[in-house]
Amino acid sequence: MTTTQFDQIYHGLSPDVGKFRIAASGMAWKQEAGSAMVAMQASDIKWAQWIRVARNYQLRVGLKDRSRETFDGFVREDHDKLAHLLKQYFSVVLETKEVSFKGWNWGVTDFQGQDLAFLVSNKTAFELPLTNVANSNIAGRTEVSLEFATQNKQPTRNAPDEMVEIRFYVPGTQVKGQRGSDAGSQKSDVEDEGEEISAAQAFHDMVKEKAELGQVAGDIILSFDEVNVLTPRGRYDVDMYPDFLRLRGRTYDYKIMYGSISKLFLLPKDDQHVLFILGLSVPIRQGQTRYQYLVMQFNREEEITAELNMSEEEIAQYEKLKKNYEDPTFEVVSSVFRALSKKKIIGIGNFQSRDGHASVKANLKAVQGDLFMLEKYIFFVSKQPTLIELSDIHQVVFSRLGAGLGATAARTFDLKIVTKRGPEYTFTSINKEEYDHVNAYLQDKKVKTKNEMMEGELIMAADDDEDEEMQSVASSGEEVPKPRLGGDDDDSEEDEDFQASESDSGSPTESDSSDEGGQTASDASGDRDLMKSAKGKGKGKAKAAPKKKAPAKKSKGGESDADESDEDKPKKAAAAKPKPKPKPKPKAKKGSDDEEKMDVDEEERPKPKPKPKPKAKEDEEGPAKKKLKTAD
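Since this is a predicted model, take the numbers as computed values, not measurements.

A. Local environment of the packing of aromatic side chains. Inspection of the entire model under this criterion finds 22 aromatic pairs. Centre to centre, the rings of Tyr 241 and Phe 244 are 4.6 Å apart; their planes meet at 20°, and the pair counts as stacked. The same class applies to Tyr 241 and to Phe 244, which are both buried. Judged by centre distance (5.3 Å) and plane angle (50°), the rings of Phe 380 and Phe 427 are tilted. Taken as a pair, Phe 380 in strand β29 (residues 377-381) and Phe 427 in strand β33 (residues 424-431) lie far apart in primary sequence, 47 residues in all. Given a relative accessible area of 1%, Phe 380 falls into the buried group. Every member of this aromatic cluster is reached through a ring pair, and the members are Phe 6, Phe 20, Trp 50, Tyr 57, Phe 71 and Phe 74.

So, in structure tokens, the structure goes:
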């Protein structure tokens, strides 16, 4: 039997070359550097096509089960020889398929079996195998993004480049359910009653449907419904296949190859929830956001009964995989993932916080999360998880950068991790009580640490001493008016205005006359006998004014406002009152306490000291008011 051989031929999208042979019994391709082989019987071959591709020319062979095989690497001179052999052995005509070389990026998409063809002027520009589509996303109202699974499971330096993503701009709208050229008939329009969806959405749905044609229901090993996924947030159905898993959500669908799973983590979030985290070497994406970690959350007490859709022989090929499960959900999910992905699960280490947890609360920039201290990693779990290997840490610096922010910062500290590769991570707002536990963990792992907290503590201690000193002085009564002269002036004025407008009916205090202007001070300024009746009125109404001493002093600077709005006589009365008011204190009560207050007032206002002595009326008026003040 005569056999014809062609060298340097590629099978499908494989980067490996091999030998292609044709005989009367059929065709076969065998990899040169490995043991991979593809054989086709003569009775299964139904058609053949010759097409120009990136790797020279391609022989496309159709089989009777509607599948096809492709072989690249033929040269132009091989066409006649192949056409003759196919006609002689299999009675098949080698059809030449024309390709568009215009280079246009605008054309028509056509779903041809398991391929997506892009046509320009009714000629094929390129084709995409839908079986290799890992994910399809709507990247906008009119854009659809297709992501492809990498063919090289173990990339090497000599591995060829691969296309991992392509985007289509699909404008316009389309009737829901329309699929072919005859789908736009009146009947379908009446049934849908004009229901229209964007053409991008229709294209996206078609890609998802066609991409799953290679997988039938029998291929699903196990399915988990409504899994709570924190990153990316949402509830997804998780379908487990022999080679990949599929996340099906309301908006996004993901196809994740088990080979792209780099790490598995099973960590306790709190007393009620458990986190199962997948580390991905090929991130999944939503719009412009990429997610390198898939974070699932399970209730610790939730249980599930599951049976794997696999035979006993198939289950025996996997390690620690059972046919039936009746355990907590997180244990079933983690066990199945561990077996199918063939990756070990990383759990918690010996670290315990002050509450006995395996993590501490911390912030990375403005994101709050849990900082897990594991055996070989420090793992910050949040909306965007961050994994740091202990072997990559150059130094850990304890500091308290927020020392000047007040009492809250004094109860926390910051943890800055400097890596050998260059990036730095600063975790803030960690409870100060966790310092001993974190420091002991790092010392146990032989991680170089530096403590900068002492300097901050000394600064805080000095600030605390000053605060306590000021409070003690204020409580002793030596400098009571000073703090009130500062930040309480505005508040005092606002409170006094409120009381004057609500309760005072015609006897405002000195500050009222200058602060309120035309509302209450006008009534007071219209009272010609204000000075004469001040004694009686002061006993009943003077409580608000003596308590708020700062506005009374401030009215000295506010006289100009009162002078512009009031009459001449009330102006003089209002201007005269603030000056003697602080001084008559010792005359009302001739006791030791009043003498001490007198000393304080003299320090604040030494100039008006001699003025109140010759004024008899004002002296009589002053003591009456101050008696009430001291009584309060």
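Having seen the model, we can carry on.
B. Region of interest: helix α1 (residues 78-90). Spanning 13 residues, α1 covers 17 Å between terminal C-alpha atoms, matching the ideal 18 Å at 1.5 Å per step. When α1 is considered as a whole, its buried residues turn out to be Asp 78, His 79, Leu 82, Leu 85, Leu 86 and Phe 90. Buried positions in α1, seen along its axis, are confined to an arc of 135° and lie on one side of it. For α1, exposure combined with an orientation more than 90 degrees from the buried face picks out Asp 80, His 84 and Lys 87. With its phi angle positive at about 55°, Ser 91 sits one or two positions after the end of α1.

C. The side chain of Gln 49, seen in detail. Secondary-structure assignment places Gln 49 in strand β5 (residues 45-52). Apart from residues lying up to four places away in sequence, Gln 49 is in contact with Gln 58, Leu 59, Arg 60, Leu 94, Glu 95 and Lys 97.

D. Highlighting unusual backbone geometry. Omega for the peptide link from Thr 231 to Pro 232 comes to -10°, which places this bond in the cis form. Non-glycine residue Lys 342 carries a positive phi angle of around 60°. Mapping Lys 342 onto the fold places it in the loop between α5 (329-341) and β26 (345-346).

E. Molecular detail of the environment of Arg 411. Within the secondary structure layout, Arg 411 lies in the loop between α6 (407-410) and β32 (412-419). Using a relative accessible area of 51% as the deciding quantity, one classes Arg 411 as exposed. As for Arg 411 and Lys 432, which are separated by 21 residues in sequence, their C-alpha atoms are 5.3 Å apart. Not counting residues within four places of it along the chain, the set of residues in contact with Arg 411 comprises Ile 430, Asn 431 and Lys 432.

F. Focus on the sheet that holds strand β18 (residues 234-240). Ordered in space as β14-β13-β12-β20-β19-β18-β17-β23-β22-β21-β26, the 11 strands form an open sheet in which the pairing is mixed. The outermost strands of the open sheet, each flanked by one partner alone, are β14 (165-169) and β26. Each of β12 (133-138), β13 (143-148), β14 and β20 (253-257) touches helix α3 (residues 199-211); the most contacted strand, β12, lies at about 165° to it. Contacting β17 (222-231), β18, β19 (244-248), β21 (261-268), β22 (273-286), β23 (289-299) and β26, α5 runs over the sheet at an angle of about 160° to β21.

G. Focus on the nonpolar core. Membership of the largest hydrophobic core comes to 39 residues, with the highest contact counts inside it found for Met 240, Leu 245, Leu 278 and Phe 337. The greatest single-element share of this core, amounting to 7 residues, is contributed by α5.

H. Region of the structure containing the pattern of salt bridges. According to the stated counting rule, one finds 19 salt bridges in the structure shown. Put simply, Arg 68 and Asp 115 hold a salt bridge, and the shortest N to O gap is 1.5 Å. With Arg 68 in strand β7 (residues 68-74) and Asp 115 in strand β10 (residues 115-120), this residue pair connects regions lying 47 residues apart in the sequence. Among the residues examined, Arg 68 registers a relative accessible area of 31% and is labelled partly exposed. Given the relative accessible area of 6%, Asp 115 is considered buried. Its salt-bridge partner being Asp 239, residue Arg 248 comes within 2.5 Å of it at the nearest N-O pair. Taken together, the shared-partner salt bridges in this structure form one network comprising Arg 354, Asp 355, Glu 433 and Glu 434.

I. Summary view of the pairing of strand β30 (residues 386-389). Residues Thr 386 and Ile 388 point to one face of β30 and are all buried, whereas Leu 387 and Glu 389, pointing to the other face, are not buried. Direction of pairing for β29 relative to β30: antiparallel, over a ladder of 4 bridges. Residue pairing for β30: Tyr 377 is matched across the bridge by Glu 389. The hairpin turn running from β29 into β30, its antiparallel successor, is 4 residues long.

J. How the structure looks around the side chain of Ser 100. Its place among the elements puts Ser 100 in the loop between β8 (94-97) and β9 (108-112). Ser 100 sits in the buried class, given a relative accessible area of 11%. Other than its neighbours up to four places away in sequence, Ser 100 contacts Val 120, Lys 123, Thr 124 and Ala 125.

K. Region of the structure containing α3. In this model, α3 (13 residues) spans 18 Å end to end at C-alpha, consistent with the 18 Å of a helix rising 1.5 Å per residue. Looking at α3, one finds that the buried residues are Ala 199, Ala 200, Ala 202, Phe 203, His 204, Met 206, Val 207 and Ala 211.

L. Highlighting the environment of Lys 97. The residue Lys 97 is located in strand β8 in this model. Expressed as a C-alpha distance, the spacing of Lys 97 and Arg 52, which sit 45 residues apart in the sequence, is 8.0 Å. Ignoring sequence-local partners within four residues, the contact set of Lys 97 consists of Gln 49, Trp 50, Ile 51, Arg 60, Gln 112, Thr 124 and Glu 127. A distance of 3.3 Å separates a polar atom in the side chain of Lys 97 from a polar atom in the side chain of Glu 127.

M. Looking closely at the confidence of the model for the chain. Averaged over every residue, the pLDDT of the chain is 74; the share at 70 or more is 64%. The low-confidence segment residues 472-497 (pLDDT under 50) makes 32 contacts with residues lying over four places distant or belonging to another chain. Of the regions scoring below 50 in pLDDT, residues 613-632 engages in 33 contacts with residues more than four places distant in sequence or in other chains.

N. Examining the sheet that holds β7 more closely. Spatial strand order, β4-β3-β2-β1-β7-β6-β5-β8: 8 strands in an open sheet with mixed pairing. Every other strand in the sheet has two partners, leaving β4 (37-41) and β8 as the edge strands with one partner each. With strand direction ignored, the average angle separating the axes of adjacent strands in the sheet is 30°. With 5 bridges connecting them, strand β1 (residues 4-11) and strand β2 (residues 17-23) associate as antiparallel partners. When the sheet's bridge partners are listed, Tyr 10 is paired in β2 with Val 17. Against the sheet, α1 engages β1, β2, β3 (26-31), β5, β6 (57-63), β7 and β8, with an angle of about 45° to β2.

Conventions adopted
Residues numbered from 1 in each chain as written. Predicted model: local features only at pLDDT ≥ 70, side-chain atom pairs only at ≥ 80, totals over all residues. Heavy atoms only, no water. Phe/Tyr/Trp six-rings, centres within 6.5 Å; stacked < 30°, edge-to-face > 60°. Buried < 20%, exposed > 50% of the residue type's maximum accessible area, 1.4 Å probe, protein only. Helix = DSSP H or I, 4+ residues; strand = E, 2+ residues; numbered from the N terminus. Expected span 1.5 Å × (residues − 1). Arc of directions from axis to C-beta. Contact = heavy atoms within 4.5 Å. Pairing = 2+ DSSP bridges. Axes fitted to C-alpha atoms, helices over the stretch in contact; angles between N-to-C directions. Core = buried A, V, L, I, M, F, W, Y, C linked by side-chain atoms within 4.5 Å. Salt bridge = Lys/Arg side-chain N within 4 Å of Asp/Glu carboxyl O. Polar contact = N/O pair within 3.5 Å; in protein donor to acceptor, adjacent residues only side chain to side chain. pLDDT = per-residue confidence, 0-100.

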